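# Residue-level structural notes
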Amino acid sequence: MSARLPRLGDVTGKSTNLFYRIVFLRNFAAHADHVFDELPQRDLSSLNSQLSSYLRSGNPNGTLGLFHKMHRASPDLSSHTFTPVLGACALLSYPETGRQVHALMIKQGAETGTISKTALINMYSKYGYLADSVTVFESVEDKDVVSWNALLSGFLRNGKGKEALGVFAAMYRERVEISEFTLCSVVKTCASLKILQQGKQVHAMVVVTGRDLVVLGTAMIGFYSSVGLMSEAMKVYMILNVHTDEVMLNSLISGCIRNRNYKEAFLLMSRQRPSARVLTSSLAGCSDNSDLWIGKQIHCVALRNGFVSDSKLCNGLLDMYGKCGQIVQARTLFSAMPCKSVVSWTSMIDAYAVNGDGVKALEIFREMCEEGSGVLPNSVTFLVVLSACAHAGLVEEGKECFGMMKEKYRLVPGTEHYVCFIDILSKAGDTEEIWRLVERMMEKSDQNIPCAIWVAVLSACSLNMDVTRGEYVARRLMEETGPVNSSTYVLVSNFYAAIGKWDMVEEMRGKLKEKGFVKAAGHSSVIV
DNA sequence: ATAGGGTTAG
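For chain A, an unreviewed UniProt entry supplies the name Pentacotripeptide-repeat region of PRORP domain-containing protein and the organism Microthlaspi erraticum.

### Some words on the UniProt feature "repeat: PPR" (unreviewed entry) in chain A
Under the feature "repeat: PPR" (unreviewed entry), the UniProt entry names residues 144-178, 341-375 and 378-408. In this annotation, residues 144-178 is assigned 74% helix and 0% strand; the end-to-end C-alpha distance for the span is 10 Å.

### Points about the environment of lysine 126
Mapping lysine 126 onto the fold places it in helix α8 (residues 114-127). Placed 27 residues apart in sequence, lysine 126 and serine 153 show a C-alpha to C-alpha distance of 9.8 Å.

### Describing the protein's contact with DNA strand B
Of all residues adjacent to DNA strand B, which total 41 residues, the nearest are Asp212, Asn250, Arg277, Asn315 and Lys323. Sugar plus phosphate, as a fraction of atoms of DNA strand B within 4 Å of the protein: 37%. In this structure, a base oxygen belonging to DNA strand B sits 3.4 Å away from a side-chain N or O atom of threonine 118. Lysine 312 is positioned such that a nitrogen or oxygen atom in its side chain is 2.8 Å from a base oxygen of DNA strand B.

### Looking at the packing of aromatic side chains
Applying the stated criterion to the full structure yields 12 aromatic pairs. Relative to tyrosine 409, the ring of phenylalanine 382 has its centre 5.8 Å away and its plane inclined at 55°; by these criteria the two rings are tilted. Highlighted residues: phenylalanine 382 in helix α24 (residues 379-392) and tyrosine 409 in the loop between α25 (395-407) and α26 (415-427), separated in sequence by 27 residues. Taking the relative accessible area as the measure of exposure, tyrosine 409 reaches 14% and is therefore buried. Ring pairing ties together the aromatic residues Phe365, Phe382 and Tyr409, which thus form one cluster. Across the ring face of phenylalanine 137, the terminal group of lysine 143 is positioned such that the distance to the ring centre comes to 5.3 Å. Directly above the ring of phenylalanine 334 sits lysine 340, whose terminal nitrogen or CZ lies 5.2 Å from the centroid.

### Focus: the pattern of salt bridges
With the rule as written, the count across this model stands at 12 salt bridges. Where arginine 469 meets glutamate 432, a salt bridge forms, and the shortest distance between an N and an O atom there is 3.5 Å. Residue arginine 469 is located in helix α29 (residues 467-481), and its partner glutamate 432 is located in helix α27 (residues 431-444); the two are separated by 37 residues in the primary sequence. Looking at glutamate 432, the relative accessible area reads 45%, which means it is partly exposed. The residue aspartate 466 makes a salt bridge to arginine 469 at a minimum N-O spacing of 3.1 Å.

### Structural notes on helix α21 (residues 327-336)
Along α21, the residues classified as buried are Ala330, Leu333 and Phe334. Along the axis of α21, the buried positions cluster into a sector of 100°, meaning they face one direction only. For α21, the exposed residues set more than 90 degrees away from the buried face come down to Val328 and Ala336. Next to the buried residues of α21 lie α20 (311-323) and α22 (342-354).

### Examining the layout of surface pockets
Rolled over the atoms, a probe sized like a water molecule indicates the empty space that remains. By volume, the largest pocket is sized at about 1,300 Å³. Around the largest pocket, the lining comprises 37 residues; the ones closest to its centre are Leu156, Cys184, Lys188, Thr218 and Ala219. Contributions of two or more residues to the lining of the largest pocket are made by α8, α10 (145-157), α12 (180-193), α14 (213-226), α16 (246-258) and α18 (276-289). Residues belonging to the lining of the largest pocket are distributed by class as follows: 13 nonpolar, 15 polar and 9 charged.

Quick notes on the rules
Residues numbered from 1 in each chain as written. Chains lettered and ligands numbered in written order. Predicted model: local features only at pLDDT ≥ 70, side-chain atom pairs only at ≥ 80, totals over all residues. Heavy atoms only, no water. UniProt positions renumbered as here; feature names shortened; annotations may be inferred. Helix = DSSP H or I, 4+ residues; strand = E, 2+ residues; numbered from the N terminus. Near = heavy atom within 4 Å. Polar contact = N/O pair within 3.5 Å; in protein donor to acceptor, adjacent residues only side chain to side chain. Phe/Tyr/Trp six-rings, centres within 6.5 Å; stacked < 30°, edge-to-face > 60°. Buried < 20%, exposed > 50% of the residue type's maximum accessible area, 1.4 Å probe, protein only. Lys NZ or Arg CZ within 6 Å of the ring centre and 35° of its normal. Salt bridge = Lys/Arg side-chain N within 4 Å of Asp/Glu carboxyl O. Arc of directions from axis to C-beta. Contact = heavy atoms within 4.5 Å. 1 Å grid on protein atoms, 1.4 Å probe; cavity = no way out; pocket = protein on both sides within 12 Å on 5 of 7 lines; lining within 4 Å. Points joined across faces, edges and corners; volume = space filled by probe spheres on them. Nonpolar A, V, L, I, M, F, W, Y, C, P; charged D, E, K, R; others polar.

Set out below in structure tokens:
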């Protein structure tokens, strides 16, 4: 690039070159590519910078395409080649490609140095392969703040909030000098765990260090929104008054919607032309709150701004109508979508499922599985389908789907899938099969089964009056979670009630009182 | 060349 740039100045004044300049400014990536083609020598370092240029301009396929050519042409590639390629792999979620690139790095001796390894940590965590991420991290000889941050945000990305905080604690112990990136991830972790005290402490650290207040302020707004403290979120926004930007405003708006501060949300929206992005996140808030009326208003705003072809926004609308019981509206939107992604299909299946139409849900699912649909069901899809089957008592179909998930689609069922499947078997009265499943799981996991599984098994025992197994599970659950989880007492108490052991019911109620647990008041989620 | 803030399905 730098070798070519001066020539632009040489020829200013002519109309052709004015055009050239405009193209240059407007489409930097395309121009960079063009200039690159004119280079007499394609030396490795310029090829490497081309790889990252593609990545930066949002073209990971370009990075991989060039990398393949380079790989064919020359066996000598440097670590500067691999880092952008790893970034492209992570973006495209091709775990196999990523592993192959890693293997090639080892073969060429390029899997050394903190920067290369940090790129690997990042890639594996984006695939969800946390174990590999940790292995690479442990092999880093000179761990710097960036590699620590990559590990921290990896845990955060994969929903392991507690582990992420553990990494932060380790950084403190190891006296790593933390950066604003660290603080940012920690704030987000506090938000995901909804831990108010720790979040406030980090807020104090942010104020003390005083760095990058726009980005960290946005994260703080997200944190206060997630713990329901909109007044604090607003305060952060007000304090940074002059330095706010669109991202920050969007964070505040979606926080307002999530917390039902609609007046403020729409007032803030009127400050600037709302983006499709903020409307999409606002719709998610409406879905969570079942607020059809607000959802419709946002739909109107989207129509007025011409966002109806935004696929993510359409998915948000589809989900909102489905969650608010407007199945006809949801179906109409779904049918009109030209590009249906796995999210669209899953939302549509879920819309039927939550509205009690298991048969229709399965019909959509089968259509999705056909060749022509262009998408593959993933683990979320199967969770939705299994819960549809459990809900509607579709036992045979549920068994078939669970089998398909493992055999045809090679997906590994998670705890949530097993919970649904146990529920299905329970509806069929098949506690024998449930028990065989539990025994197999115990064998595989060295007796450690997640509590959620025991909870599902106990419910099955209650429903089917399986006294012996139920009492075993009840005891196990009490040992493992009783002291810290009030809902365990309620669950176990319900089991004893179901089998008619009233003395045990009383004992559970007594224990509940002893611990000072108070039953939360019930409330309806329907907006009148 | 590696890490960070606001979007969609559980």
